[in-house]
Amino acid sequence: MTEAMIRKKAGMASVKDMPVLQDGPPPGGFAPIRFARRIPNKGPSAMAIFLATFGAFSWGMYQVGKGNKIRRALKEEKYAARRAIIPMLQAEEDERFVSEWKKYLEEEARIMKDVPGWKVGENVYHSGRWMPPATGELRPDIW
Amino acid sequence: MTSTVDTAGEPVPTSSLLMAAAKHIGTKCRGENLAFLKCKKDDPNPEKCLDKGRQVTQCVLHLLRDLHQNCSKELDAYAGCMYYHTNEFELCRKEQKEFEKACTL
């Protein structure tokens, strides 16, 4: 059925006289709505925030400094222990090196004994200081 | 590490044992250490500093033997802890305190 048959008014001449069907406000209108900003102005001030940040930062740096001191003391303990031990280790290595070097010199003399110009068993730089033998091998016992 | 002594009963100077006794070595063998280091600074040739090196080795080995005789249990515990924690002092504080209480510096 058409709308005219549902909503008709008695004595209607045309469809244009039909009573309107609209969605509208309730009688008396809607309640008033607030849409204005009301941001509150309380809370910590700028100086308070700055002081709190500065305080947290300085307390943190103080803790870092304390931890660094402790860590430096631990490292110093380890280094002092190494300093105490190293002459012993160097002395043992020197003994081993001297015996190996003697064997090496004997081997060199045996190999080069027929070469006319070969002076002596030892043939190093001319600066006068002792230099460790430069064989290019990092750990000859492994290789 | 099964034991700190070799077949003759002498303590073997492993790295963990040396690090455990490092404070004692630093005080008791200080003269020999400094003499050896001075000799090395003057001439790095190993053959020139062999006698001072032998003095250093003798001092350290005698010291290890004395420590092993006086407080062997604490020394073994401390060296074993060092061996387990690869020479980290901070992880062996308990054994270190026991050792220094038994064999004072």
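The structure displayed is predicted, hence computed values, not measured ones. Think of each chain on its own: its residues are numbered from 1, step by step along the sequence as written. All chains are assigned letters beginning at A, and all ligands numbers beginning at 1, according to the order in which they are written. Note on the predicted model: pLDDT of at least 70 is required for a residue's local features to be given, and 80 or more for side-chain atom pairs to be given and counted; whole-chain, interface and lining totals, by contrast, use all residues. Calculation of side-chain values draws on the structure's entire complement of heavy atoms; hydrogens and water are dropped beforehand.

Attention now moves to the overall build of chain A. The numbering of helices and of strands both runs from the N terminus, where a helix is a DSSP run of H or I of at least 4 residues and a strand a run of E of at least 2. Across its full length, chain A holds two helices and zero strands. Radius of gyration means the value over C-alpha atoms here, while the globule rule gives 2.2 Å times the residue count to the 0.38 power. The globule rule puts the C-alpha radius of gyration for 143 residues at 15 Å, and the 51 Å found for chain A is more than 25% above it. Referenced to the eigenvectors of the C-alpha coordinate spread, the extents of chain A come out at roughly 145 × 50 × 25 Å. Classification of residues uses two cut-offs on accessible area relative to the type maximum, computed with a 1.4 Å probe and protein chains only: under 20% is buried, over 50% is exposed, and between them is partly exposed. For chain A, buried positions account for 9% of its 143 residues. Carbon and sulfur atoms make up 62% of the accessible area of chain A, which totals about 13,200 Å². For this count, His and the chain ends are skipped, Lys and Arg are scored as positive, and Asp and Glu as negative. One atom stands in for each charge, and that atom is NZ of Lys, CZ of Arg, CG of Asp or CD of Glu. Across chain A, the centroid of the 24 positively charged side chains sits 23 Å from that of the 17 negatively charged ones. We get accessible surface area from the Shrake-Rupley algorithm with a probe of 1.4 Å; when it comes to residues, only the shown protein chains can shield them.

A word on the overall build of chain B. Scanning chain B from terminus to terminus reveals six helices and zero strands. Each helix (α) and strand (β) of chain B, taken in turn from the N terminus, gives the series α-α-α-α-α-α. Its C-alpha atoms give chain B principal-axis dimensions of about 40 × 30 × 25 Å. For this analysis, residues touch if any pair of their heavy atoms sits within 4.5 Å. Expressed as a percentage of contacts within chain B between residues at least 6 apart in sequence, the contacts between residues at least 24 apart total 61%. As presented, chain B carries roughly 6,000 Å² of accessible surface, and 52% of it is formed by carbon and sulfur atoms. Between the averaged position of the 15 positive side-chain charges in chain B and that of its 15 negative side-chain charges there is a distance of 5 Å.

All right, on to the interface of chain A and chain B then. Every contact between the two is made by 19 residues of chain A and, on the other side, 27 residues of chain B. Note on terms: buried area is the combined drop in 1.4 Å-probe accessible area of two parts once they are placed together, counting the loss on both. Counting the surface chain A buries against chain B, the share from its top three residues, A:E77, A:M88 and A:W130, is 29%. Salt bridges are defined as contacts in which a side-chain nitrogen from Lys or Arg sits within 4 Å of a carboxyl oxygen from Asp or Glu. The interface formed by chain A and chain B includes four salt bridges. Residues adjacent in sequence count toward polar contacts only when both atoms are side-chain atoms; beyond that, a polar contact is any pair of N or O atoms within 3.5 Å, and within protein one must be able to donate a hydrogen and the other to accept it. At the boundary of chain A with chain B, the tally comes to six residue pairs in polar contact (both at pLDDT 80 or more). Only Asp, Glu, Lys and Arg are considered charged, only Ala, Val, Leu, Ile, Met, Phe, Trp, Tyr, Cys and Pro nonpolar, and every remaining residue, Gly among them, polar. Each residue belonging to the side of chain A that touches chain B can be placed in one class, and the counts come to 12 nonpolar, one polar and six charged.

Below, the discussion takes up the nonpolar core. Working definition of a nonpolar core: buried Ala, Val, Leu, Ile, Met, Phe, Trp, Tyr and Cys residues. They are joined through side-chain atoms within 4.5 Å. Ranked by size, the top nonpolar core spans 31 residues in total, and within it B:I25, B:V60, B:L67, B:Y78, B:M82 and B:F99 carry the most contacts. Mapped onto this core, the elements with two or more residues apiece are α2 (46-111) of chain A together with α1 (15-20), α2 (22-28), α3 (30-42), α4 (50-70) and α5 (72-84) of chain B. Here this core takes six residues from α4(B), the largest share from any one element. Other than its neighbours up to four places away in sequence, B:V60 contacts A:M88, B:L18, B:I25 and B:C29.

Our focus in this paragraph is the UniProt feature "transmembrane region" (unreviewed entry) in chain A. When the UniProt feature table is mapped onto this chain numbering, "transmembrane region" (unreviewed entry) sits at residues 44-62 of chain A. Annotation note: span residues 44-62 of chain A, helix share 89%, strand share 0%, distance between end C-alpha atoms 25 Å. UniProt positions are given in the numbering used here, feature names are shortened, and annotations may be inferred rather than shown by experiment.

Further remarks concern the environment of A:E122. All names here are of chain A. By secondary structure assignment, the location of E122 is in the segment after α2. Taking the C-alpha atoms as reference points, E122 and E106, 16 residues apart in sequence, are found 9.9 Å from one another. Here E122 is in contact with W101 and L105, once residues within four sequence places are set aside.

Turning to the layout of surface pockets, a few remarks are in order. Residues are called lining when one of their atoms sits within 4 Å of a cavity or pocket point, these points coming from a 1 Å grid over the protein atoms alone, where a cavity is a set in which a 1.4 Å probe fits but cannot get out and a pocket is an open set with protein on both sides within 12 Å along at least five of seven lines. Grid points are joined across faces, edges and corners, and a volume is the space filled by probe spheres set on the points. Roughly 900 Å³ of volume is contained in the largest pocket. If you trace the largest pocket, you find 29 residues lining it, with A:F97, A:W101, A:P133, A:A134 and A:T135 closest to the centre. The element best represented in the lining of the largest pocket is α2(A), accounting for 10 residues. Residues belonging to the lining of the largest pocket are distributed by class as follows: 15 nonpolar, four polar and 10 charged. Here the second largest pocket is characterised by a volume of approximately 150 Å³. Looking at the second largest pocket, the residues that line it are A:R83, A:A84, A:I86, B:G26, B:R30, B:N33, B:L34 and B:L37.

Throughout the structure, instances matching the rule amount to 10 salt bridges over all chains. For B:R65, the salt bridge is made with B:E10, and the minimal N-O distance between the two is 3.0 Å. Within this pair, whereas B:R65 is found in helix α4, its partner B:E10 is found in the segment before α1, the two being separated by 55 residues in sequence. Note that B:R93 and B:E90 form a salt bridge whose closest N and O atoms lie 2.9 Å from each other. Exposure remark for B:R93: the relative accessible area of 29% places this residue in the partly exposed category. Here the residues in one salt-bridge network are A:E77, B:K23, B:E90 and B:R93, joined through shared partners.

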